[in-house]
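What the coordinates show
Residues per chain are reported as follows:
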Amino acid sequence: MTDGAGLHDGDLPDDLTAAEAGMWQAFRNGSVYDLSSGDAVVDDPHGGHPWGPERTVRARIVCWLLLDGPPALAGRVSSLKLSGVHISGTLDLAGGIVVPYVEMRGCRFERDVLLPEARFTTVRLVDCSVPRLEAARVHTEGDLHLPRCRFHNGVRLTDAHIGTDLLLNQAIVHRDRSGRSIAADGMTVGQDLQAELLESHGELSLRSAKVGVSLSLRGAKLANPYTRLALNAPQLTVERSMYLTPAGIGASMVSGATPAHGTRIQRFTCEGGLRLDDGRFGDAVDFERARFTLTDEQEVSLRRIQTPELRFLGEAPARGRVVLSGARVVNLMDRTDSWPGPGRLHMGGFSYENLVPRGPFPMEERLEWVSAATAEYNPEPYERLAAVLRAGGEDEDAREVLLAKQRRRRETLPPAAKLWGYVQDWTVAYGYRPGRALVWMAVLWAAGSLAFAHAHHPPIKSGEAPYWNPSLFALDLLLPVIDLGQVGFWQLRGGWQWLAAAMILLGWILATTVAAGATRLLRRS
């Protein structure tokens, strides 16, 4: 019988093998076609045990069933459900329209699976061994499930449209010739993209991808020692949250739930750079306990991201940089040990409205955090932190931050201005501690009063001088502009004259620094 003859009457083609004939009948019946032996070692699709012709079907016959298969038996819905089957040849459904439901479990593909521009309802490949999945611009009305599959030469989902969920949980994906493990630029996922416990050996590329609900990389291991990026996802849009957090192993658990007692925890790890530049996230980006292994040239780049909450709670990378330049978040949740040291943190233009530290985060360490982000003096991070603290009612801490800003600025000034800065700092702390001026004034007044009580002070004009009062005389010297009727009536010689001049000079310095501090405070208000 020639191919297709009598097909729609349900007749079997003449050239089918016994395994293919069984698959043909199972397709019409909508039942699972299981060729497993029952031996877990032999049935492992990723193992080295050979599968003979009794478990082999040709990819051409599979395509025939999916694109132009026989009608279902009465009262049945035709579908392709395979388990433990070896598929020889290249499964090529490029550009095809596949109506039947497709599910393959524990199957082994001899060659690449080609699905570019094909249309499906739902496709499930579970625990399958696939040389490469080529599915650019594939369209599914429902799910695309690829859990526990192993792809030896990468996956391509560029511009794919997944109607509901994309599952890559526990998949192992090796890089293709271009160095990418998963190329999914421009992909759209209607609901969740779950890649929990994923192992990616190469660049995971999600440039301009869109996820309708959440993106989960819980417990994933991304490794790309070959190029700069292990996760390359600029302009990524996630309507809710992106999770780069731990996952439980060894017990069934609901995604996002607290692991059961005794469950082993696997962190999200990233060996190579991570790039989320210009990303948009509806709820949060969560780095809880994330671990990064970077070279000096690599970075965790969050430039210009926008999210209501950034949970930066991972381990500080020992090398590389963390870049938040231009990012905009509402709540910044962090820990003291999550941030890298000086020169490896960049926060120019980083905007946040609330600080939510996880655990103790003393002001001294918060100032070190700002200092680490400004290798060269930049007032913006200090002013942003002070504004957030002031909005939270922590005025004293806000003044500490602004004082630290002035001290940092002083180090960039020429010697004369730097000296004047030290004077302002010692006297009134640049106006942020005006009470110091009163202390200095009281100390100088007391010292001057005691000193001038022993001074020889003949009057300049006999009979015109007021009663000698050393305390009023010292105060008159210290207070510029104000005249208390003591200075100008007495003759001081030698060291007393120099002491009087020093008192006048110190009074002017105190008055000038107080005025400068008051001007700064008024300007800030």
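Here's the deal with the overall build of the protein chain
Counting its secondary structure elements, the protein chain contains 10 helices and 43 strands. Taken across its 525 residues, the protein chain has 49% of its residues classed as buried. Pairs at least 24 apart in sequence give 52% of the contacts found in the protein chain among residues at least 6 apart.

Considerations on helix 6 (residues 395–410)
Spacing of three or four residues puts side chains on the same side of an α-helix, whose turn is 3.6 residues. A rise of 1.5 Å per residue sets the reference length of helix 6, with its 16 residues, at 22 Å; its end C-alpha atoms lie 23 Å apart and thus fit the reference within 8%. What helix 6 keeps buried is the set A398, V401, L402, L403, A404, K405, Q406, R408 and R410.

Here we look at the sheet that holds strand 8 (residues 113–114)
The strand order 5-8-12-16-20-24-28-34-38-40-42 describes an open sheet built from 11 strands, whose pairing is parallel. Among the strands making up the open sheet, the edge pair consists of strand 5 (91–92) and strand 42 (345–346). Pairing geometry for strand 12 (residues 133–134) and strand 16 (residues 155–156), over 2 bridges, is parallel. Bridge assignment links L133 to a residue of strand 16, and that residue is V155.

Focus: the nonpolar core
Core analysis: the biggest nonpolar cluster contains 112 residues, and M104, L217, L231 and L276 have the highest contact counts within it. In terms of residue count, helix 3 (residues 59–68) provides more of this core than any other element does, 7 residues in total. Residues contacting L276, with those up to four places away along its chain left out, are L231, A233, P234, L236, M242, F281, V285, F287, S301, L302, R303 and I305.

Some details on the packing of aromatic side chains
Under the defined criterion, the tally for this structure stands at 8 aromatic pairs. Ring centres of W24 and W64 lie 5.3 Å apart, and the angle between their planes is 85°; this geometry places the pair in the edge-to-face category. Highlighted residues: W24 in helix 1 (residues 18–29) and W64 in helix 3, separated in sequence by 40 residues. The same class applies to W24 as to W64, namely buried.

Concerning helix 5 (residues 379–391)
Compared with an ideal rise of 1.5 Å per residue, which puts 13 residues at 18 Å, helix 5 spans 18 Å between its outermost C-alpha atoms and is within 8% of the ideal. For helix 5, the complete set of buried residues consists of P381, Y382, L385, A386, V388 and L389. Each buried residue of helix 5 sits inside an arc of 160° when the element is viewed along its axis, so together they form one side. Each element contacted by the buried residues of helix 5 is listed here: strand 43 (354–357), helix 4 (363–372) and helix 6. A distance of 3.2 Å separates the backbone nitrogen of E380 from a side-chain oxygen at the start of helix 5, and that oxygen is part of N378. The positive-phi residue at the C-terminal boundary of helix 5 is G393, with phi of around 85°.

Describing the packing of helix 5 against helix 6
Their axes nearest at 8 Å, the elements helix 5 and helix 6 cross at an angle of 170°. Relative to helix 6, helix 5 is oriented roughly antiparallel. Residues P379, Y382, E383, L385, A386, L389 and R390 of helix 5 form the contact with helix 6, whose participating residues are D395, D397, A398, V401, L402, A404, K405 and R408. Considering only residue class, the contact of helix 5 with helix 6 consists of 9 nonpolar, no polar and 6 charged.

What to know about the pattern of salt bridges
For the structure shown, the criterion picks out 28 salt bridges. The salt bridge partner of R58 is E20, with a shortest N-O separation of 2.8 Å. With a gap of 38 residues between them, R58 in strand 2 (residues 56–58) and E20 in helix 1 connect regions that are remote in the sequence. In this structure R58 comes out as partly exposed when scored by relative accessible area, which is 26%. Residue classification places E20 among the buried positions, given a relative accessible area of 1%. Linking D278 and R304 is a salt bridge whose minimum nitrogen-to-oxygen distance equals 2.8 Å. Of this pair, D278 sits in the loop between strand 34 (273–275) and strand 35 (280–281) while R304 sits in the loop between strand 38 (299–301) and strand 39 (306–312), placing them 26 residues apart in sequence. For D278, a relative accessible area of 25% puts it in the partly exposed group. Judged by its relative accessible area of 38%, R304 falls in the partly exposed class. Taken together, the salt bridges that share partners define one network made up of R132, E134, R156 and D176.

Notes on the side chain of T56
When you line up the elements, T56 lands in strand 2. A distance of 2.8 Å separates a polar side-chain atom of T56 from the backbone oxygen of G52. Contact partners of T56, with chain neighbours within four places excluded, come to T17, A19, W51, H86 and S88.

Overview of the confidence of the model for the protein chain
Across the protein chain, the average pLDDT comes to 86, with 86% of residues at or above 70. Residue range residues 1–6 is modelled with pLDDT below 50. Its contacts to residues more than four positions away, or to other chains, number 9 contacts. Low confidence marks residues 252–256, where pLDDT is under 50. Its contacts with residues over four positions away, or in another chain, come to 5 contacts.

Things to note about the environment of R280
As for its position among the elements, R280 is in strand 35. The exposure class assigned to R280 is partly exposed, which follows from its relative accessible area of 33%. Once residues within four sequence positions are removed from consideration, R280 is found in contact with L236, T237, V238, R304, I305 and Q306. Within the structure, R280 has its side chain in polar contact with the backbone oxygen of D278 (distance 3.1 Å).

Section: the packing of helix 4 against helix 6
Where helix 4 meets helix 6, the axes come as close as 11 Å, and the angle between the chain directions of the two elements is 40°. The angle between helix 4 and helix 6 falls in the class oblique. For the crossing formed where helix 4 meets helix 6, the hand is right-handed. Residue-level inspection shows M363, L367 and S371 of helix 4 in contact with helix 6, the latter providing D397, E400, V401, A404 and R408. In the contact of helix 4 with helix 6, the residues fall into 4 nonpolar, 1 polar and 3 charged.

Section: unusual backbone geometry
Positive phi, normally seen in glycine, also occurs at E117, with a value near 60°. What makes E117 partly exposed here is its relative accessible area of 47%. A positive phi is found at L197, a non-glycine position, where the angle reads about 60°.

How each quantity is defined
- Residues numbered from 1 in each chain as written.
- Predicted model: local features only at pLDDT ≥ 70, side-chain atom pairs only at ≥ 80, totals over all residues.
- Heavy atoms only, no water.
- Helix = DSSP H or I, 4+ residues; strand = E, 2+ residues; numbered from the N terminus.
- Buried < 20%, exposed > 50% of the residue type's maximum accessible area, 1.4 Å probe, protein only.
- Contact = heavy atoms within 4.5 Å.
- Expected span 1.5 Å × (residues − 1).
- Pairing = 2+ DSSP bridges.
- Core = buried A, V, L, I, M, F, W, Y, C linked by side-chain atoms within 4.5 Å.
- Phe/Tyr/Trp six-rings, centres within 6.5 Å; stacked < 30°, edge-to-face > 60°.
- Arc of directions from axis to C-beta.
- Polar contact = N/O pair within 3.5 Å; in protein donor to acceptor, adjacent residues only side chain to side chain.
- Axes fitted to C-alpha atoms, helices over the stretch in contact; angles between N-to-C directions.
- Parallel < 35°, antiparallel > 145°, perpendicular 65-115°, else oblique.
- Nonpolar A, V, L, I, M, F, W, Y, C, P; charged D, E, K, R; others polar.
- Salt bridge = Lys/Arg side-chain N within 4 Å of Asp/Glu carboxyl O.
- pLDDT = per-residue confidence, 0-100.
- Left-handed = near helix turned anticlockwise from the far one by under 90°.

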